[in-house]
Amino acid sequence: MADRAVSQPSTPVVAPLFDFNIVSWNVEGLNSPIKHKKVVAHLFCLSPQVVFLQETHWMHNSPMSLKANWIGECVSAPYTNKTRGVAILFDRNLQFSILKKYIDPEGRFILLDVSFDNMVYAFLNLYASTGSNNLFFADVLQRVLSWGGQNLILGGDFNMVVDPSMDRSGVLDQGQQIYTNQTNVKYFIIKGISDDPELQGPIFFLVLLIYLITLGGNVTIFLLVCLDHHLHTPMYFFLANLSTVDMACCTISLHKVLMSFITHDNTVSYISCMIQMYIFGSLTGHELLILTAMSYDRYVAICKPLHYHMIMSARTCCLMASACWLLGFLQIIPPFVILCSFSCYTSIEINHFFCDIVPLIKMYCDDTSTLEMLFFMEGLCLFTLTPFVLTFIPYIFIISTILKIPSSIGQRKAFYTCSSHLTVVILLYTTLASQYLTPNLRSNLDSKKLFALFNTTAVPMLNPLIYSLKNKSVITSLRWRLGKIRAIS
């Protein structure tokens, strides 16, 4: 029986013609050391005597990495490290001998004659890539008929459904077979920043360094604002909120990259994945709203300086910050509810380094064109465009007021007070627009991952530097605190 398993292999098949168990599994790539260790560990739990693997993505026969984990013989048909490749594994305790074999040079099937218990069996492990035509199947059939073997055992992934009424997984357009019901999806596999084994170490140390710098810079800003009464102003109050969001956003998105390197476990439960997606989306929305509040603060400071302390009172600032937090966690609910209602996925491997909404939509097995357009319009109009417009409208009045200042020194001083905020706004909106606001969510997912990496690492790391290096009050407070620490020590 040819099953394409996604979350885990199908139940071992015990057929009446032979007394051994066979598992057929489309593994969707085994180049990651972490992944092939998990696959081998799961096979050991199933205890099969023969394993049919499809889409191994091997470029060489019987890689040494597999031999180090699988105890037994392996016959493989390699192709490239991106597609195809099949293999048949034999348990070491199985007494057999291979009489003859044919390995397809295109990495699509293996045909073996195997002698076992005074019987000869023909093993055929086949992978038919999506769109395989009748000529391919006719060629395989002709080779099997001319093989002259007996007791044919056929397994693999055909990417087709012969009888839809008997198909337990459902059918996609053009006869593509998909798997799983949401009730069967217990976990996802996070692909990570890169699946190249040689890059895992450098990526870990680079991400760890960026995370520590981000954490240190934002904690410093937060503590300075809390401890220095000179910084107890609306601008620094919102800056402390922004630092809190940056720390939380960076932690929620990067912790899996760091933990997977240490624990060699890149799986995440379905519930944890949904929670991570919701929190990250909420924090991103909150960050945009905090920047909007900060632009309004700059507008009052420059355009209505005499009424600044009356308008931007402590009560007003607390209400604005609370509204930002509340709206941030509310506006992500509609797409979150839609994603949680998904009934099936084509894969459990998320091509990202954390659970984000774009790769999850890409994995949905049904037609998502309407959902993609809905997400695009909501993201454009509500999630991004509204705070963007509300952020830049005050700057129209700010620029108009600055241009009316007679002295060039006064103009530079007024612009200097909002230059840090404007720099952060442009940086954040540019990366978010590149990451999310493209109608075709199924294309350029790797490029979106790079923008997401920049947004979750570089932007939170640069925010404290931008605000501290261009702000004399922060630098003065930091120097005074460091001098006090030296004096105590």
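None of the values given here were measured: they were computed from a predicted structure.

Asks: Report on the overall build of the chain, specifying residues and quantitative values.
Replies: Check the secondary structure of the chain and you find 14 helices and 11 strands. In the chain, which comprises 489 residues, the share counted as buried stands at 48%. The long-range fraction of contacts in the chain, counting pairs at least 24 apart against all pairs at least 6 apart in sequence, stands at 68%. Here the chain has roughly 23,900 Å² of accessible surface; of this, 65% comes from carbon and sulfur atoms.

Asks: An account of helix H6 (residues 270–303) is needed here, citing residue identities and associated values.
Replies: Owing to its 3.6 residues per turn, the α-helix aligns residues three or four sequence positions apart on the same side. For H6, spanning 34 residues, the distance from its first C-alpha to its last is 50 Å, which sits close to the expected 50 Å at 1.5 Å a residue. Taken across its 34 residues, H6 has 27 buried, putting it largely inside the fold.

Asks: I'd like a description of helix H8 (residues 314–330), backed by residues and values.
Replies: Between its terminal C-alpha atoms H8 stretches 24 Å, which fits the 24 Å expected from 17 residues at 1.5 Å a residue. Those residues of H8 that fall on the buried side of the exposure criterion are Cys 317, Met 320, Ala 321, Cys 324 and Gly 328. Projection of H8 onto a plane perpendicular to its axis shows the buried side chains occupying an angular sector of 95°, all on one side. H8 presents Arg 315 and Leu 326 as exposed residues on the side facing more than 90 degrees away from its buried surface. Where H8 is buried, its residues contact helix H5 (234–263) and H6.

Asks: Could you give me a rundown of the side chain of Lys 256, with the residues and numbers involved?
Replies: Structurally, Lys 256 can be placed in helix H5. For Lys 256, a relative accessible area of 16% corresponds to the buried category. Polar contacts involving the side chain of Lys 256 include one to the main-chain carbonyl oxygen of Thr 267, which spans 2.8 Å.

Asks: Describe in detail the pairing of strand S7 (residues 119–127), supporting the description with residues and values.
Replies: Across the 9 residues that make up S7, a large majority, 7, are buried. Note: strand S6 (residues 109–116) against S7, 8 bridges, orientation antiparallel. Bridge pairing in S7 places Val 114 opposite Tyr 121. If you look at the hairpin formed by S6 and S7, you'll find 2 residues sitting between the two strands, and Asp 117 has a positive phi there, around 55°. For S7 and strand S8 (residues 152–157), the ladder comprises 6 bridges, and the chain directions are parallel. Paired with Leu 126 across the strands is Gly 156, a residue of S8.

Asks: Describe the sheet that holds strand S2 (residues 50–54), listing the residues and the values that go with them.
Replies: The sheet built from 4 strands is open, its strands ordered S1-S2-S4-S3 with mixed pairing. Of all the strands in the sheet, the pair left with one neighbour each is strand S1 (22–26) and strand S3 (72–77). Sheet twist, expressed as the mean angle between neighbouring strand axes with direction ignored, is 15°. Two elements, S2 and strand S4 (residues 86–91), share 5 bridges in a ladder whose sense is antiparallel. Note on S4: the bridge partner recorded for Val 50 is Phe 90. Relative to the sheet, helix H1 (residues 33–46) contacts S1, S2 and S4, its axis offset from that of S1 by approximately 155°.

Asks: Would you mind going over the state of the cysteines in detail, with residue names and values included?
Replies: Summed over all chains, the structure comprises 1 disulfide. Disulfide partner of Cys 273: Cys 355, at an S-S distance of 2.1 Å. Taking the torsion about the S-S bond as the criterion, the Cys 273 to Cys 355 disulfide, at about -120°, is left-handed. Of this pair, Cys 273 sits in helix H6 while Cys 355 sits in the loop between strand S11 (349–350) and helix H10 (357–362), and the two are 82 residues apart along the sequence. As far as the burial class goes, Cys 273 and Cys 355 line up, both buried.

Asks: How would you summarise the pattern of salt bridges if you had to cite specific residues and measurements?
Replies: Within this structure, the stated rule accounts for 3 salt bridges. Its salt-bridge partner being Arg 108, residue Asp 104 comes within 3.0 Å of it at the nearest N-O pair. Asp 104 sits in the buried class, given a relative accessible area of 4%. Notably, a salt bridge pairs Asp 297 with Arg 298, separated by 2.9 Å at the nearest N-O pair. Accessibility classification places Asp 297 together with Arg 298 in one group, the buried group.

Asks: Can you tell me about the sheet that holds S8, naming the residues and giving the values?
Replies: Strand pairing in a sheet is mediated by backbone hydrogen bonds. Such pairs are either parallel or antiparallel. Strand order in the open sheet formed by 4 strands is S5-S6-S7-S8, with mixed pairing between adjacent strands. Both edges of this open sheet fall to strand S5 (96–103) and S8, since each of them pairs with a single strand only. The average angle at which neighbouring strand axes cross in this sheet is 20°, direction not considered.

Asks: Just give me the short version of the confidence of the model for the chain, but keep the residues and values in it.
Replies: The share of residues in the chain with pLDDT of 70 or more is 80%, and the mean pLDDT across the chain is 79. Looking across the chain, the model is least confident in helix H2 (residues 64–67), with a mean pLDDT of 59, and most confident in H8, with 93. Between residues 1–17, whose pLDDT stays under 50, and residues either more than four places distant or in other chains, the model counts 46 contacts. Segment residues 168–183 is flagged for pLDDT under 50; beyond a separation of four residues in sequence, or across chains, it makes 42 contacts in the model.

Asks: Describe the packing of aromatic side chains, naming the residues involved and giving the relevant values.
Replies: By the definition in use, this model includes 18 aromatic pairs. Ring geometry for Tyr 296 and Tyr 299: centres 6.1 Å apart, planes at 35°, overall tilted. Taken together, the residues span about one helical turn, with Tyr 296 and Tyr 299 both in helix H6 at a distance of 3 residues. Exposure remark for Tyr 296: the relative accessible area of 34% places this residue in the partly exposed category. Each member of the aromatic cluster is reached from another via a ring pair, and the members are Phe 52, Phe 90, Phe 96 and Phe 123. Between Arg 143 and the ring centre of Tyr 102, over which it is positioned, the NZ or CZ distance is 3.8 Å.

What counts, and at which threshold
- Here the residue numbering is sequential within each chain, running from 1 through the sequence in written order.
- Per-residue local features are limited, in this predicted model, to residues with pLDDT of at least 70; the limit for side-chain atom pairs, both in listing and counting, is 80 or more; totals at the level of whole chains, interfaces and linings are taken over all residues.
- Side-chain numbers here rest on the full set of heavy atoms in the structure, without hydrogens or water.
- Runs of E in the DSSP output that reach at least two residues are strands. Runs of H or I that reach at least four are helices, and both are numbered from the N terminus.
- When accessible area is computed with a 1.4 Å probe and restricted to protein chains, residues below 20% of their type maximum are described as buried, those above 50% as exposed, and intermediate ones as partly exposed.
- Residues are treated as being in contact if the distance between any of their heavy atoms lies within 4.5 Å.
- Calculation of accessible area relied on Shrake-Rupley with a 1.4 Å probe; when residues are assessed, cover is drawn exclusively from the protein chains displayed.
- Any helix carries an expected span of 1.5 Å times its number of residues minus one.
- Think of it as the arc spanned by the lines of direction from the helix axis to the C-beta atoms.
- Pairing of N or O atoms within 3.5 Å defines a polar contact, subject to two protein rules: one partner must be a possible hydrogen donor and the other a possible acceptor, and residues neighboring in sequence count only if both atoms are side-chain atoms.
- A pair of strands is labelled paired if DSSP reports no fewer than 2 bridges between them.
- Structural elements are reduced to axes, namely lines fitted to C-alpha atoms, with helices fitted over the stretch in contact, and the angle between N-to-C directions of any two is expressed from 0 to 180 degrees.
- Cysteine sulfur atoms that come within 2.5 Å of each other are treated as a disulfide pair.
- What counts as a salt bridge is simple: a side-chain nitrogen of Lys or Arg found within 4 Å of a carboxyl oxygen of Asp or Glu.
- One confidence number per residue, pLDDT, is output by the predictor and ranges from 0 to 100.
- Any two of the Phe, Tyr and Trp rings considered here, Trp counted by its six-membered ring, make a pair once their centres fall within 6.5 Å; the pair's planes then place it as stacked at under 30 degrees, edge-to-face at over 60, or tilted in between.
- Placement of a positive charge over a ring is assigned whenever Lys NZ or Arg CZ falls within 6 Å of the ring centre and within 35 degrees of the normal to the ring plane.

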